[in-house]
Each structure stands twice: as structure tokens, then as C-alpha cells.
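Chain by chain, the residues:
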Amino acid sequence: KILNDYFGWNKARMGCFVGMLLALIKVRTVNLMDLACAFESAAAIESRYKRIKRFFSGFTIEFTDVARWVMDLFGLDKVYISIDRTNWQWGKSDINILMLSVVYKGIALPVRWSLLDKRGNSNTQERIELIKKFVEQFGKEQIEGILADREFVGVEWFEWLKKEGIGFCIRIKKNTLTTNGRGMQVHAQALFK
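This report concerns the structure included in the present document. (Residues numbered from 1 in each chain as written. Predicted model: local features only at pLDDT ≥ 70, side-chain atom pairs only at ≥ 80, totals over all residues. Heavy atoms only, no water.)

### Side note on the overall build of the chain
Helix and strand counts for the chain stand at seven helices and seven strands. Counting from the amino terminus, the chain carries its helices and strands in the arrangement α-α-α-α-α-β-β-β-α-β-α-β-β-β. Taking 16 Å as the expected radius of gyration for a compact globule of 193 residues, we find that the chain reaches 20 Å, considerably beyond that expectation. If you line up the chain on its principal axes, its C-alpha atoms span 70 × 40 × 30 Å. Across the 193 residues in the chain, those meeting the buried criterion constitute 30%. A sequence separation of at least 24 residues applies to 42% of the contacts in the chain between residues at least 6 apart. (Helix = DSSP H or I, 4+ residues; strand = E, 2+ residues; numbered from the N terminus. Rg over C-alpha atoms; globule rule 2.2 N^0.38 Å. Buried < 20%, exposed > 50% of the residue type's maximum accessible area, 1.4 Å probe, protein only. Contact = heavy atoms within 4.5 Å.)

### Notes on the packing of helix H2 (residues 11-27) against helix H4 (residues 45-56)
When two helices pack together, you describe them by how their axes are tilted relative to each other and by the distance separating the axes. Contact geometry for H2 and H4: axes closest at 10 Å, N-to-C directions at 115°. Taken together, the axes of H2 and H4 are roughly perpendicular relative to one another. Our pair here, H2 against H4, has a crossing hand that is left-handed. Contacts between H2 and H4 involve Ala-12, Arg-13, Gly-15, Cys-16, Phe-17 and Met-20 from the first element and Arg-51, Ile-52, Phe-55 and Phe-56 from the second. For the contact of H2 with H4, the residue count by class is seven nonpolar, one polar and two charged. (Axes fitted to C-alpha atoms, helices over the stretch in contact; angles between N-to-C directions. Parallel < 35°, antiparallel > 145°, perpendicular 65-115°, else oblique. Left-handed = near helix turned anticlockwise from the far one by under 90°. Nonpolar A, V, L, I, M, F, W, Y, C, P; charged D, E, K, R; others polar.)

### Remarks on helix H7 (residues 155-164)
Of all the positions in H7, only Trp-157, Trp-160 and Leu-161 are classed as buried. Projected onto a plane normal to the axis of H7, the buried residues spread over an arc of 95° and lie on a single side. Opposite its buried face, H7 presents the exposed residues Val-155, Glu-156, Lys-162 and Lys-163, each directed more than 90 degrees away. At its buried positions, H7 is contacted by strand S1 (79-90), helix H6 (124-138), strand S4 (143-148) and strand S5 (168-170). Positive backbone phi, at 75°, marks Gly-165, one or two positions downstream of H7. (Arc of directions from axis to C-beta.)

### A look at H4
Here H4 spans 17 Å end to end across 12 residues, near enough to the 16 Å set by a 1.5 Å rise per residue. Looking only at H4, the buried set comprises Arg-48, Ile-52 and Phe-55. Down the axis of H4, the buried set is contained in an arc of 55°. They therefore lie on one face. Elements that come into contact with the buried residues of H4 comprise H2 and helix H3 (32-38). (Expected span 1.5 Å × (residues − 1).)

### Things to note about the pairing of strand S3 (residues 107-115)
As paired elements, strand S2 (residues 93-104) and S3 share eight bridges and run antiparallel to each other. Following the sheet pairing, Tyr-104 is matched in S3 by Ile-107. Between S2 and the antiparallel strand that follows it, S3, lie two residues; Lys-105 among them carries a positive phi value of about 50°. (Pairing = 2+ DSSP bridges.)

### Quick notes on the environment of Val-30
Position of Val-30 relative to the elements: it lies in the loop between H2 and H3. Note: C-alpha distance between Val-30 and Asp-65 (35 residues apart in sequence) is 20 Å. Once residues within four sequence positions are removed from consideration, Val-30 is found in contact with Leu-24 and Leu-35.

Structure representation (C-alpha cells):
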């Protein structure tokens, strides 16, 4: 009933989604066969597996619906955003996902993502577009700050965040040049000796 308020799917699709969510909590993996094994149903495992596959084939889940559901479900207001990227191969195809998550009690809850049509790091424009989509839906005032790994550095990127008034805490490489208290250029690691 609660999920219907956000997604408005038919009963069969919602039943499958709920079954997958409960199975996901049990098996803690997104492997479809593992989900099928934990999916509550009197049907054979192979039938459950086919049902899960049918759920995803030719069906698009709206980002905005998922994001609103997650934010409301956890009662999130002002949040830290974590951005990260993952890249792997599926056969000969590259899968590269730029992910935007909200941080809640030490975990990251995905609310937005972008499939990159390339291998390797994201660029400044791809990051900005992802942040802008979150801002369009929830507003800039919802963002406490952005957290990211050292892949997410760059002058243009940092300048855009500062111009937009979005705080950030981004890990940097230990050999990044900065200045110490005397104004001398040093590697970042020297500041922590």
C-alpha cells in the first residue's frame, strides 16, 4: 500500500517488486538466481527467476519516483550526498555507472545514477548533470555537502561546486600540491606528519 503511493504500478508488478525487495534483504545480493531462490512463492525457482527477469524487461523505473520514495521512507531532509562510480565488464560490454546516493547512518542509499557510455572516470559535465537532477527535484538547500573519493577532483569541478555554494569533502591524493601555514608549497601528506 505504501509503495503504491509512490509508484502506481499494477498489482502483479508491485507484488513482484515487493518479493524482490524482501529477497534482497535476505540474500544481500542482486544476483537474480539468488533472489529467485529467496523469493516467497509456491512457484518453481525457474518460474520465479523468469518472473524477475520479466519485471525488468521493457520496463523503466522512474528515477524521480525512486528518489522521492527513498527520501520519504528514511525521513531525510538535509543530506550529505555521496558520488561514486563503478565499472565492470559484462561479456564484451562495459558497464559504467556514475551513482549519486544520500548518506544515512553510515550507508549510501542510491537515488540517482547515470550510465556512462565509456570506460573510466566521469568528467566534470557528467558529475554536474547528476547533481543538477537531484537539485531540480529536491532543491540545493537539501544538500549538506558532497562526499567523494579522489577520482572526483578537478579545478573546473571544484569551481562549479563553490560557485553553486555546495560544500564538499573530497579525498585527495597524498602528492597533491598545496600550501602549508607558512605559504610554502608542499605535498598534502606533509600536512599530516
